[in-house]
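Okay, here's what each chain looks like letter by letter:
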Protein chains: 2
Amino acid sequence: MDFFFNPKTVAVVGASATPGKISNVIIRSLKDSGFAGTVYPVNPKHDSVEGLRCYPSLAEVDSEIDVCVFAVPAQLVPGIIEGSGGKVRGAIIISGGFKETGEEGRGLEGELHELVKKEGVRIIGPNCMGIYDTVSRLDTFFIPPDRMKRPGPGGLSIISQSGSFAVTAIDELAAEGIGVARVVSYGNMIDVNESDCLEFLSGDDSTRAVAIYMESVSDGRRFVEAASRCSKAKPVTAIKVGKTPEAAAAARSHTGAMAGHYEVYRAALRKAGVLELDGYEDFISACKVFGSAPATKGERGGRRVMIITDGGGMGVGIADRCSALGLEVPPLSDEVKEDIRWAFPPYCSMANPMDLTGSATDELFGRALESTMTGDYYDIAIVAALWGPPALTDDLAGVLAQRARIIDKPVLLCSPGGEFTRSKFALFRASGLPVFPSPDEAARAAALIWRRRELS
Amino acid sequence: MDFFFNPKTVAVVGASATPGKISNVIIRSLKDSGFAGTVYPVNPKHDSVEGLRCYPSLAEVDSEIDVCVFAVPAQLVPGIIEGSGGKVRGAIIISGGFKETGEEGRGLEGELHELVKKEGVRIIGPNCMGIYDTVSRLDTFFIPPDRMKRPGPGGLSIISQSGSFAVTAIDELAAEGIGVARVVSYGNMIDVNESDCLEFLSGDDSTRAVAIYMESVSDGRRFVEAASRCSKAKPVTAIKVGKTPEAAAAARSHTGAMAGHYEVYRAALRKAGVLELDGYEDFISACKVFGSAPATKGERGGRRVMIITDGGGMGVGIADRCSALGLEVPPLSDEVKEDIRWAFPPYCSMANPMDLTGSATDELFGRALESTMTGDYYDIAIVAALWGPPALTDDLAGVLAQRARIIDKPVLLCSPGGEFTRSKFALFRASGLPVFPSPDEAARAAALIWRRRELS
């Protein structure tokens, strides 16, 4: 498997010279991403593609091929692999038209399966996006960069049965300033499956957290083993879709997956120490918190939330959401109140939520964060900064980030509002604090941190 | 009450010539908003403010004053009203420093209460933002326009006990292209309360839907009566915060409200036909759907959702969310399938969710919407458009909006993703279709439409 994540040579079969074509986008990406290995375009119709020498067939390539990308019609793939003279180690088959399309497609998959057994080639796909990897710089995702931004380097790895889900999620993460390590879209899993990926990611030093999108698993027992091992080393979260019979039927027509009984999956995830996510929003939130925030600390289980805001009503609403999610919002102890009262103007409410009011300043926010989160009273802070107060400046993000480093506990920002507010998100992202557009999402993110802790 | 929403004369007491000061922002807003009545700045220190003649006291103003805005220290307010010679009909008291600050503040509120009884003046506030009204063009919200965008005209009216909540919500709605009619932030409700506002809005032709943020109500029985009358005429939704004892305590320090037992509120809202919202996100979603989408139709109760997407995995995930929220995602009937199969390429899955795949076009989306939503099979459509497919163009929004008008049922768009995707939101908004950044929010919005129908 390792050669998929550390390839020296990549061939692209069906290499096209036409901008926008799948194979052309991939070749351009490999050139632009800074991929350090050798790229071999393969197409009998061209002498060169994007300035690279183009080979008439795999047989002409004078090297072993670590990763061979196929963006040709499904029925051609088995023949091309067979004719390669055994030099293909790993294949990424982008093309659809296999088992998700019915009888004939299933036959084709059978042929590929034989090849895996006979020739020892490993296959990712078919019907997938392949790999986007900021460590090796491999990028077989074929959406042009103007339509899908690529995230920068980070500690989060994602494995996804759905290509469009992976594309959408990493595009959103890129916009949110969250970096990734390895992203694998494995599609119909004729060979490489979620367990193979998890086994690799368990031991991968570049990966500090894993997020999974799955419709089905290939082998339940192996998955529980692989996921258990991985979740002992780093946070593993997963969204399982196709929970109802109707949705499961839709998943079948999507990747040919037998989604199975949801309750079985649910139990398997829990057993494996994998935090189950509830939908797309949760998935993005999990990527934000485990991709950027330090693990939650605190003796009493990580569920005690401190809320700091300059909008009283927003604070009360967040307290409600937290309670509904099983988190605690303990009042400030008299001891803490006495300790910190002197440091705040009289109009600030010394309570949880703490309301700094419309007279809030950057420094008051920083002080509120540090003075309440020091000591073992709270595990997670939610800071809801509304940008109405005129004294707030662009320094707020830096002030909060600096105090967050001192207190060494998760600090989740939320900043609901319109254009002015949204223009400030980049500041928070740049300072390394996860920022959520709504208070509800921040509360759900806090719950994810706590639930992850409960699992491990 | 009506003079608050149709004022001919507005005085601003404590009018400042300093940009950024509360009273100065309000005077500028009244000049910029196109307010057609007369504005009287009042301040003995100035001869003119922002080019308007400034009066030394209310006694010097030679007219009845429909709305008198107070942005002066709390303890000065009763004396100024008493000295006005009875010409003030309605007062908006922006200033805080009343019951929410304790004993002395409560005394001041008592004095104001006496004035209401004795002089017949009506009071909004204290401790509030007042009114933002696109019909009368009154705007006492004192956040400068660069920090808070004002929504354009629309059919949605909002009443809010929390000023910062109202500010944040309308700023977000402005960014989302949702218009409003009347927005009232009534704060500590020494006089005008939620029931007064509801009674006015019930009969207000400019208001087609009402959204409420409340921490408490002044008079439960009157609220149920007023809300019942209003909800018979138009959708009324409400978020009640301070559900837990801790959050209720925080609400008390915020607006001095006794938040009371949540279960009592919950029952009262249900009895009054008011759709209860679960948090800030729900509030914004409700504003989007009742502020723009037509009421759901369909014989069987409005819970049948059709999902159309070009991202198979996203569709399956939405089906899961819908089921979890009590909605139905019925499969396409064989009859419909037969009817429409010819109109779609073979790679499109004829199912619910319908997956148009990465080969989707604007026209395929439009065709899918019209052909599945015509007839009495589905009540609500969720269209999840991912922008990866290269054939999708900026026409998509117009195509969908045109088909939505034909089918005359709610069509909710969601378009998760990053920068490219977000750059397309404005197109959907401009075409009048509500757009949600995540599939989860679109599913929750569909549930709101259905639950609202169940209530009425």
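Provided above is the structure to which this section pertains.
Reading the values: the criteria
Residues numbered from 1 in each chain as written. Chains lettered and ligands numbered in written order. Predicted model: local features only at pLDDT ≥ 70, side-chain atom pairs only at ≥ 80, totals over all residues. Heavy atoms only, no water. Contact = heavy atoms within 4.5 Å. Buried area = accessible area lost by both parts, 1.4 Å probe. Salt bridge = Lys/Arg side-chain N within 4 Å of Asp/Glu carboxyl O. Polar contact = N/O pair within 3.5 Å; in protein donor to acceptor, adjacent residues only side chain to side chain. Phe/Tyr/Trp six-rings, centres within 6.5 Å; stacked < 30°, edge-to-face > 60°. Helix = DSSP H or I, 4+ residues; strand = E, 2+ residues; numbered from the N terminus. Buried < 20%, exposed > 50% of the residue type's maximum accessible area, 1.4 Å probe, protein only. Lys NZ or Arg CZ within 6 Å of the ring centre and 35° of its normal. Least-squares fit on C-alpha atoms with pLDDT ≥ 70 in both. Expected span 1.5 Å × (residues − 1). Pairing = 2+ DSSP bridges. Axes fitted to C-alpha atoms, helices over the stretch in contact; angles between N-to-C directions. Lys, Arg positive; Asp, Glu negative; His and termini not counted.

*Asks:* What am I meant to see in the interface of chain A and chain B here?
*Replies:* Where interface size is quoted, it is often the accessible area lost as the parts come together. Between chain A and chain B, the contact holds 62 residues from the first and 62 residues from the second. For the pair chain A and chain B, the two sides together bury roughly 4500 Å², of which 55% comes from carbon and sulfur. Linking chain A with chain B are 10 salt bridges. Of the charged contacts in the structure, one is a salt bridge between E281 of chain A and R444 of chain B, with a shortest N-O distance of 3.2 Å. Here chain A and chain B share 32 residue pairs in polar contact (both at pLDDT 80 or more) between them.

*Asks:* Is there a simple way to explain the packing of aromatic side chains in this structure?
*Replies:* The relation between two aromatic rings is expressed through the spacing of the ring centres and the mutual angle of the planes. Tallied over the entire structure, the rule returns 16 aromatic pairs over all chains. When the ring of F5 of chain B is compared with that of F200 of chain B, the centres are 4.1 Å apart and the planes differ by 10°; the resulting orientation is stacked. In this pair, F5 of chain B sits in helix α1 (residues 2-5) while F200 of chain B sits in helix α6 (residues 194-202), placing the two residues 195 residues apart along the sequence. Given a relative accessible area of 3%, F5 of chain B falls into the buried group. Aromatic pair Y40 of chain B and Y55 of chain B: ring centres 5.4 Å apart, planes at 75°, arrangement edge-to-face. In this pair, Y40 of chain B is assigned in strand β2 (residues 38-42) and Y55 of chain B in the loop between β4 (52-53) and β5 (65-70), connecting sequence segments 15 residues apart. Classification of Y40 of chain B by relative accessible area gives buried; the value is 10%. Exposure remark for Y55 of chain B: the relative accessible area of 11% places this residue in the buried category. Through a chain of ring-to-ring contacts, the aromatic side chains of F165, Y213, Y280 and F283 of chain A assemble into a single cluster. Positioned above the aromatic ring of W387 of chain B, the side-chain terminus of K424 of chain B is 5.6 Å from the ring centre.

*Asks:* Even after reading the chapter, I still don't get the relation of the copies chain A and chain B, so can you show me in this structure?
*Replies:* After a rotation of 180° and a shift along the axis of 0.0 Å, chain A superposes on chain B with an RMSD of 0.0 Å. Seen this way, the second copy is the image of the first under a two-fold rotation axis. Among all C-alpha atoms of chain A, that of P437 of chain A lies closest to the rotation axis, at 5.1 Å. The share of interface residues of chain A whose copies in chain B are also at the interface is 100%, consistent with both copies meeting through the same surface.

*Asks:* I tried to follow helix α10 (residues 280-292) of chain B on my own but got confused; where do I start?
*Replies:* Since the α-helix turns once every 3.6 residues, residues separated by three or four places project in the same direction. All names here are of chain B. Between its terminal C-alpha atoms α10 stretches 18 Å, which fits the 18 Å expected from 13 residues at 1.5 Å a residue. Counting buried positions along α10 gives 11 out of 13 residues, so the element sits mostly inside the fold. All of the buried residues along α10 are Y280, E281, D282, F283, I284, S285, A286, C287, K288, V289 and F290.

*Asks:* I tried to follow the sheet that holds strand β17 (residues 411-414) of chain B on my own but got confused; where do I start?
*Replies:* Remark on secondary structure: sheet strands pair via backbone hydrogen bonds, oriented parallel or antiparallel. Residues and elements named next belong to chain B. Taken in spatial order, the five strands make up an open sheet running β15-β14-β16-β17-β18, and their pairing is parallel. The open sheet terminates on both sides in strands that have one partner only, identified here as β15 (354-355) and β18 (435-436). Across two bridges, β17 lies against β18 in parallel orientation. Residue pairing across strands places L413 opposite V435, the latter belonging to β18. Contacting β14 (305-309), β15, β16 (380-384) and β17, helix α13 (residues 362-373) crosses the sheet at an angle of about 165° to β14.

*Asks:* Which parts of the structure should I look at to understand the side chain of D362 of chain B?
*Replies:* Among the structural elements, D362 of chain B can be located in helix α13. Within the buried set, D362 of chain B has no salt-bridge partner at all; the shortest N-O distance to an opposite charge, 7.9 Å, is to R147 of chain A. In contact with D362 of chain B, other than residues within four places in its own chain, are A391, L392, T393, D395, L396 and V399 of chain B.

Fair warning: the whole summary comes from geometry, so function is off the table for now.
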